[in-house]
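# Results of the structural survey
Chain residues, written in single-letter form:
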Amino acid sequence: MSTLQFLLLSCLLCSSGANEAGLVVKIGAIFFDTEMKLAEAFDMAVEEINLQSTELNLEPVKHFVTIDDSILLQDITCDLIGNGVAAILGPSSKASSDIVEVLCNMTGIPHLQFDWHPQPSARDRYNHKLTVNVAPSELVLSMALYDILRSKAFDWKSFTIVYEKDSHLARLQHILAWKQLHKTGIKLQEFERGDDYRVLWKRINNGREKFVLLDCPTDILTDVINASISFNMTGSFNHLFINNLDAHISGIERFYSREFTVAIAAVRIRTYMPLPVHDEIDVFHSETEERFVSLASQLIYDAIVLLFNALQQLNQQPGFYTPQFSCGRGFWQPGPHLVQQMKQITAKQVRPPYKTQRLQITPDGQREDFNLEIYNPLIDLVTHIWNKDYQLVSFDKIKENSTQALKQRRLELKEDFSQKPVRYTVATRVGKPYFSWRKEPEGQHFEGNERFEGYAVDLMYDLAKICKFDFVFEPVRDNKYGSYDAASDEWDGIIRQLIDNNAQIGICDLTITQARRSVVDFTVPFMQLGISILAYKEPPPAADAYAFLRPYGMDVWLYVMVAMLITAMVLILAGRMDPYEWEQPVLNERNEQERENTWHLHNTMWLVMGSILNQGCDLLPRGLSMRLLIAFWWIFALLISQTYIANLAAFITSSKITNSINSLHDLVDQNKVQFGTIRGGATSLYFSESNDTDNRRAWNKMLTVKPDAFTKNNEEGVDRVKLSRGSYAFLMETTSLQYYVKRNCELTQLGESFGEKHYGIAVPFNAHFRSNLSVGILKLSEKGVLYNLRNKWFNSNITCDNAGPANDADQFDMDALGGLFVLLIVGVLVSILIGIIEFIWHAHCIALKQQIRPMLALKGEFNFLVRFWLRRKPLQTYRVSRDSTSTGYSSLEQVSSSSTVKKRRKKSKKSSE
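The rules behind these values
Residues numbered from 1 in each chain as written. Predicted model: local features only at pLDDT ≥ 70, side-chain atom pairs only at ≥ 80, totals over all residues. Heavy atoms only, no water. Helix = DSSP H or I, 4+ residues; strand = E, 2+ residues; numbered from the N terminus. Buried < 20%, exposed > 50% of the residue type's maximum accessible area, 1.4 Å probe, protein only. Contact = heavy atoms within 4.5 Å. Areas by Shrake-Rupley, 256 points an atom, 1.4 Å probe, with all protein chains shown as cover. Pairing = 2+ DSSP bridges. Axes fitted to C-alpha atoms, helices over the stretch in contact; angles between N-to-C directions. Parallel < 35°, antiparallel > 145°, perpendicular 65-115°, else oblique. Left-handed = near helix turned anticlockwise from the far one by under 90°. Salt bridge = Lys/Arg side-chain N within 4 Å of Asp/Glu carboxyl O. pLDDT = per-residue confidence, 0-100. Disulfide = S-S within 2.5 Å. Phe/Tyr/Trp six-rings, centres within 6.5 Å; stacked < 30°, edge-to-face > 60°. Nonpolar A, V, L, I, M, F, W, Y, C, P; charged D, E, K, R; others polar.

## Quick word on the overall build of the chain
Within the chain, the secondary structure is distributed over 28 helices and 28 strands. In the chain, which comprises 913 residues, the share counted as buried stands at 44%. A fraction of 70% describes how many contacts in the chain between residues 6 or more apart in sequence connect residues 24 or more apart. Carbon and sulfur atoms provide 54% of the accessible area of the chain, an area that totals close to 50,000 Å².

## Considerations on the sheet that holds strand S10 (residues 263-269)
Adjacent strands of a sheet pair through backbone hydrogen bonds, lying either parallel or antiparallel. Strand order in this open sheet of eight strands is S7-S6-S8-S9-S10-S11-S12-S13, and the pairing throughout is mixed. Edge positions in the sheet fall to strand S7 (186-191) and strand S13 (391-394), since each has one partner strand and no second. Between one strand and the next, the sheet's axes are offset by a mean angle of 25 degrees, whatever the strand orientation. Pairing analysis gives five bridges linking strand S11 (residues 372-376) to strand S12 (residues 381-387), with the strands arranged antiparallel. If you follow Glu 373 over to S12, its bridge partner there is Ile 385.

## Some remarks on helix H4 (residues 99-107)
With seven of its nine residues buried, H4 lies for the most part within the structure. Within the span of H4, buried status applies to Ile 99, Val 100, Glu 101, Leu 103, Cys 104, Asn 105 and Thr 107. Positioned one or two residues after H4, Gly 108 has a phi angle of 80 degrees, which is positive.

## A few points about the pairing of S10
In terms of burial, S10 is a largely internal element, six of the seven residues being buried. Pairing of strand S9 (residues 239-242) with S10, which is carried by four bridges, proceeds in the parallel orientation. Across the sheet, the residue bridging to Ile 242 is Ala 266, located in S10. The sheet contact formed by S10 and S11 spans four bridges and is antiparallel. When the sheet's bridge partners are listed, Arg 268 is paired in S11 with Glu 373.

## A look at the side chain of Asn 695
Along the polypeptide, Asn 695 turns up in helix H21 (residues 693-704). The residues contacting Asn 695, other than those within four sequence positions of it, are Leu 664, Tyr 686, Phe 687 and Ser 690.

## Some remarks on the packing of helix H7 (residues 197-206) against helix H8 (residues 221-228)
Their axes nearest at 8 Å, the elements H7 and H8 cross at an angle of 50 degrees. By the criterion of interaxial angle, the relationship of H7 to H8 is oblique. Our pair here, H7 against H8, has a crossing hand that is right-handed. The residues of H8 that touch H7, namely those facing Tyr 197, Arg 198, Leu 200 and Trp 201, are Asp 223, Val 224, Ala 227 and Ser 228.

## As for the pattern of salt bridges
Within this structure, the stated rule accounts for 25 salt bridges. Note that Glu 490 and Arg 208 form a salt bridge whose closest N and O atoms lie 2.5 Å from each other. Placement of the pair is Glu 490 in strand S19 (residues 490-491) and Arg 208 in the loop between H7 and strand S8 (211-215), with a sequence separation of 282 residues. The partly exposed category is assigned to Glu 490, whose relative accessible area is 27%. A relative accessible area of 17% means that Arg 208 is categorised as buried. Its salt-bridge partner being Asp 492, residue Lys 480 comes within 3.7 Å of it at the nearest N-O pair. Of this pair, Lys 480 sits in the loop between strand S17 (470-475) and strand S18 (484-485) while Asp 492 sits in the loop between S19 and helix H14 (493-499); the two residues are twelve residues apart in sequence, bridging distant segments of the chain. A relative accessible area of 19% places Asp 492 in the buried class. Bridged by salt links that share partners, the residues Arg 208, Glu 490, Arg 496 and Asp 500 form one connected network.

## What to know about the confidence of the model for the chain
Overall, the predicted model of the chain reaches an average pLDDT of 81, with 84% of residues at or above 70. Predicted confidence for residues 273-288 stays below pLDDT 50, and this span has 34 contacts to residues more than four positions away or in other chains. Below a pLDDT of 50 lies the segment residues 803-810, which in the model reaches five contacts outside its immediate sequence neighbourhood of four places, other chains included.

## A word on the sheet that holds strand S2 (residues 56-65)
Taken together, the five strands give an open sheet; going across it, the order is S2-S1-S3-S4-S5, and neighbouring strands pair in parallel fashion. Edge strands, defined here as strands with exactly one partner in the open sheet, are S2 and strand S5 (131-133). Neighbour to neighbour, the strand axes of the sheet diverge by 25 degrees on average, direction disregarded. With three bridges joining them, strand S4 (residues 111-113) and S5 adopt parallel strand pairing. Residue pairing in the sheet places Leu 112 in a bridge with Val 132 of S5. Running over the sheet, helix H3 (residues 70-82) touches strand S1 (23-32), S2 and strand S3 (85-89) and is turned about 160 degrees from S2. Seen against the sheet, helix H10 (residues 295-315) touches S1, S2, S3, S4 and S5 and runs at an angle of roughly 140 degrees to S2.

## Considering the state of the cysteines
For the coordinates displayed, the defined rule picks out one disulfide. Each disulfide pairs two cysteine sulfurs, and for Cys 78 the partner residue is Cys 327, the sulfurs being separated by 2.4 Å. Of this pair, Cys 78 sits in helix H3 while Cys 327 sits in the loop between H10 and helix H11 (334-344); the two residues are 249 residues apart in sequence, bridging distant segments of the chain. The exposure class of Cys 327 is partly exposed, given its relative accessible area of 23%.

## Quick word on the packing of aromatic side chains
Tallied over the entire structure, the rule returns 37 aromatic pairs. Each ring, one from Phe 452 and one from Phe 473, has its centre 6.0 Å from the other, and the planes form 75 degrees; the classification is edge-to-face. Pair noted here: Phe 452 is in strand S16 (residues 452-453) and Phe 473 is in strand S17, with a separation of 21 residues, a long-range link. Across the pair, exposure class does not vary: Phe 452 and Phe 473 are buried alike.

## Observations regarding the packing of H3 against H4
Following both chains from N to C, one finds H3 and H4 inclined at 35 degrees, their axes separated by 9 Å at the closest point. In this structure, the crossing between H3 and H4 has a hand that is right-handed. Here Ser 70, Leu 73, Gln 74, Thr 77, Cys 78 and Ile 81 of H3 lie close against H4, whose contacting residues are Ile 99, Val 100, Leu 103 and Thr 107. For the contact of H3 with H4, a count of residues per class yields six nonpolar, four polar and no charged.

## Considering the environment of Val 476
Structurally, Val 476 is set in the loop between S17 and S18. The buried category is assigned to Val 476, whose relative accessible area is 8%. With 17 residues separating them along the chain, Val 476 and Gly 493 place their C-alpha atoms 6.2 Å apart. Filtering out sequence-adjacent residues up to four positions away, Val 476 remains in contact with Ala 427, Thr 428, Arg 429, Gly 493, Ile 494 and Gln 497.

Put into structure tokens, the structure is as follows:
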């Protein structure tokens, strides 16, 4: 018999004898001296597992190292192998060298890992064939975190990753590849152990971040979170996600209070999943769970359970023996079979069961199947479960069992403040009609939201009723909407309150702009509007009955009248001087020849007046001097009359044009009226960032206006328009403009609106209630509530008396043309008066000539005057005769006929001669 055969037979006999008396297998472990709790967990795990069987017992062999030294690890590993261990556990990931894996692979001793180690490459896998890691794969864990943050339950759009300098970012590789490293995507903040963590949170707060993913070791986790309280990073709308799988043992529950209302979530490896979603059963009792609370201790337990079950199955096969050789001088043949057996064991086969679920080793020696709990670490409330098959599942959908019922009873003693219905703080600004202080009647005092009234107040009450939330109004101190100051890199007004988490809703006449959307979110618009020009409306002038005289001033009229009189006198003088202007000689009563000149004051004044009125006269000059004089007068009269007509037409037209500014283009093209808008508001931003020519010209003009063209608010702009009385116009939103126009009769809107804009409700970034508010606004719009609110707060019962014509703008009424009728009536009355005087004077002349009484002559003339049907008048309306009537008027027809016959006879004699 050869020596080799003898040794083999001896080993078989020893192993069979050991099996009968109970096989003792040594298991080695390497810990750092700072991992005493893990060493205790290792001892407790071996002790608990040894109670499961009398045929196979494990004997722990522990070694401790102080520093990470590859030579020291090599010596310890060889010492364990020489001591006959069947597997080596550790060291943890603090060891940077893989010397343990290499030596185990060379000697056939299985190597067990319970912590995250760098993923071996294809080349390195040859030296890690006998290595089994029961810790979850960092690649799958990274995928799990990615699935969680992008799910509907979280829906993180942008956030900041806070990590310790030496942390393993490999478990965040999917998240880092998900979004760009940008202020609108993912931002990174690094810190070191022992730093002043307040500096870290100050940087995050300055970045307006509300969503933080914290990758932090357990021992300093509470210190890091505690530093965030000073920067108001723990409010209702802050979100904190902790990816450390041991956050539940960090002591974070000490932050449980009504003031710490941050929406906090953490993840951990789940130890139990109820039926029927998964096929594992609840086998853990509260006592057992308390012994293995950290993930590392649970994984150490699972690694020993896995080895123990593999040894049991391999021990039942022939040829199994325990290793008995020194380092580098042999190879344990059952080693590879033992590792292969560990890779084939399922969670259903192991006894006792694992502390963590779904432990299954892949052919590469890795663990890719596990369950994650997403929970609130303050109250230990599980909200979701993740695994590769089901991804993220709500915990409410999973059937509860007895253990969960016990946990639920414990939770009833605590209240989840982060899940409590939130009382929203609504930031707004005072400005009618959207938000204003309510007047208190005498003897009545208002508190809370009852102190305010306006469109925004009613809208919030309607939204709260539909969306079922409570709210409280907080007017901002600076009473500003929210504008960005590039010099200080700060926002003000309502936007600042939302950024600082001092308010959760911002509402007023707040315009949705791209700049504001970069720092806050907006709901769907609740009002659509534009920009309009608010101007002062000149009061209509009082009706002037003599407005037709205004084209010429009073001095011009006087000069024209003097010119007419002087011209008439000059015509009399020139007519008497010109021999051609004398008539042919005629015989007078004394049979003397004499000439008559028609150019006397009556005729010349009539000629001058007719020329001025463009009517002419039947008096025509014959001499050259007279014709030349009258021609120049006609030129003067033509220009005077036509100039008057032209000025009258212009005067009438200008009186009908209320304002020559009907658009922004007209406003920019003139220099008489200055204009401006609210400083830092959405309207000023519209002009400053526009590329339109008129908008750019308007903005440049507003910047150069002295005094300052900008105002603090709408009220200041409206008051400035009223005080300027036409020298200043204000550019503002159409809705607010219409509100003030309907309540101030001295204000008006010029032209049509331009620059379409929208009002919306502002909320912090990624606010989960934004969609709820948007749905509420749409419902109010469909029900007509928004329309009724607009009519309620923007319409007015004030009626303005324009004191102007009620007819068409191209028509005149009697107030404007009454002077012409007055002039006509005065002219008629004066002419009648003059006619009466002439009538009486004529009767007086007849009485003197006929030597009769004046009254008799007057009666005779009057009797003929009232007999309007008589068209022929006798030479004498009175004749003294016996036939005279009492009136002194007789036989007019006979007298008339006899005189006519005599005249005809005289004419016939002359013609015969």
